[in-house]
Amino acid sequence: MPASSIRAVRIEKTGGAEVMALTQVPTPEPGPGQIRVRHVAIGLNFIDVYHRTGLYPLPLPAGLGLEAAGTVEAIGEGVDRFEIGDRVGYASGPAGAYSEAHVVDAGRAVHVPDGVSLEIAAAAMLKGMTAEMLVRRVFHVKQGDDILVHAAAGGVGLILCQWAKAIGARVIGSVGSEAKAELARTHGCDDVILYDREDVAERVKALTDGRGVAVAYDSVGKATFDASLASVRRRGTVAVFGNASGPVPPVDPLRLSRGGSLFLTRPTLFDYVATTEELDASAAALFEMIESGQIKVEIGQTFPLDQVQDAHHALEGRGTTGSTLLIP
């Protein structure tokens, strides 16, 4: 029988990492259409920081975390998608994955194939489906395209670079240190720019014979947005999908005209996996890339659940590479 209570991270107010507290809460019971997942590993993502700080508001008090993998422990009425003991992962909430177990809608979880460990699933689902969305649907990367990936050694960046390289793109990454540059090179980057030592746009133009890239993928936000706009070719696309350095200030549409009739988009994964069918298709594409060996998921660091504050400090301080896991 499951324990009557579980350990879970809760916040009573928004703020710094110190607002997170690990506490005992009643074991949640699945309602109709829901399952309870006993976690093996929990994925740490920048969106969790945005929830914690209030940039993306949650009703308070709240749990944190959108991504985890484990086994189905309890099933609610009307669920025929899963059975007890199935290996599953989820990456679209509801918030509360920072816990030993969590209840999610059955239609928002996916089967994890036997060839993918639960730790890899927890490290890869949100970041990997984000990469799938970016290279296959936000902008359809084709063989021979030049692309720019900011934070190329981060969790999304490493998967995105490998996926684009497997398609046949020429991948230019920007990173903050020599160590991260080496990691990016071993995960699909043809060229790497140290953004704090070089002018990113000038270097991009030099690497592309003045053309610029077809698409710039920017999860950093405020600090890199101007460089992203200046790095893309005529009718190129800038996809801003994160705010690691802060949100991008308001943009005059004339800047897009002057830059060469550019396209600017601010995609979020949840709009691209809005239906169960979309979710299954995205996860299947990701797991296929992992099982084929075309994508290697780097788990750069793990933290016990009771060290969640340290994990957030490391993530916000750009002290992480690849994916970060919390272990309940």
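This write-up is about the structure you can find in this document. (Residues numbered from 1 in each chain as written. Predicted model: local features only at pLDDT ≥ 70, side-chain atom pairs only at ≥ 80, totals over all residues. Heavy atoms only, no water.)

A few points about the pattern of salt bridges
Inference 1: What the rule picks out here adds up to 20 salt bridges.
Inference 2: One salt bridge connects K127 with E67, and the closest N-O pair in it is separated by 3.8 Å. Remark: E67 occurs in strand β5 (residues 67-75) and K127 occurs in helix α2 (residues 118-138); sequence separation between them is 60 residues. Note on accessibility: K127 and E67 belong to one class, buried.
Inference 3: Here R170 makes a salt bridge to D146, at a shortest N to O gap of 3.8 Å. In this pair, R170 is assigned in strand β10 (residues 170-175) and D146 in strand β9 (residues 146-150), connecting sequence segments 24 residues apart.
Inference 4: Exposure remark for D146: the relative accessible area of 9% places this residue in the buried category. (Salt bridge = Lys/Arg side-chain N within 4 Å of Asp/Glu carboxyl O. Helix = DSSP H or I, 4+ residues; strand = E, 2+ residues; numbered from the N terminus. Buried < 20%, exposed > 50% of the residue type's maximum accessible area, 1.4 Å probe, protein only.)

Here we look at the packing of aromatic side chains
Inference 1: In total, this model carries 2 aromatic pairs according to the counting rule given.
Inference 2: Members of the aromatic cluster, connected to one another through ring pairs, are F46, Y50 and Y56. (Phe/Tyr/Trp six-rings, centres within 6.5 Å; stacked < 30°, edge-to-face > 60°.)

Concerning the sheet that holds strand β14 (residues 263-265)
Inference 1: Across the sheet, 6 strands lie side by side as β11-β10-β9-β12-β13-β14; this open sheet has parallel pairing. Sheet topology places β11 (191-194) and β14 at the edges, where each strand pairs with a single neighbour. Across the sheet, the mean angle from the axis of one strand to that of its neighbour is 15 degrees, orientation sign disregarded.
Inference 2: Both β9 and β10 contribute to a ladder of 5 bridges, which runs parallel. (Pairing = 2+ DSSP bridges. Axes fitted to C-alpha atoms, helices over the stretch in contact; angles between N-to-C directions.)

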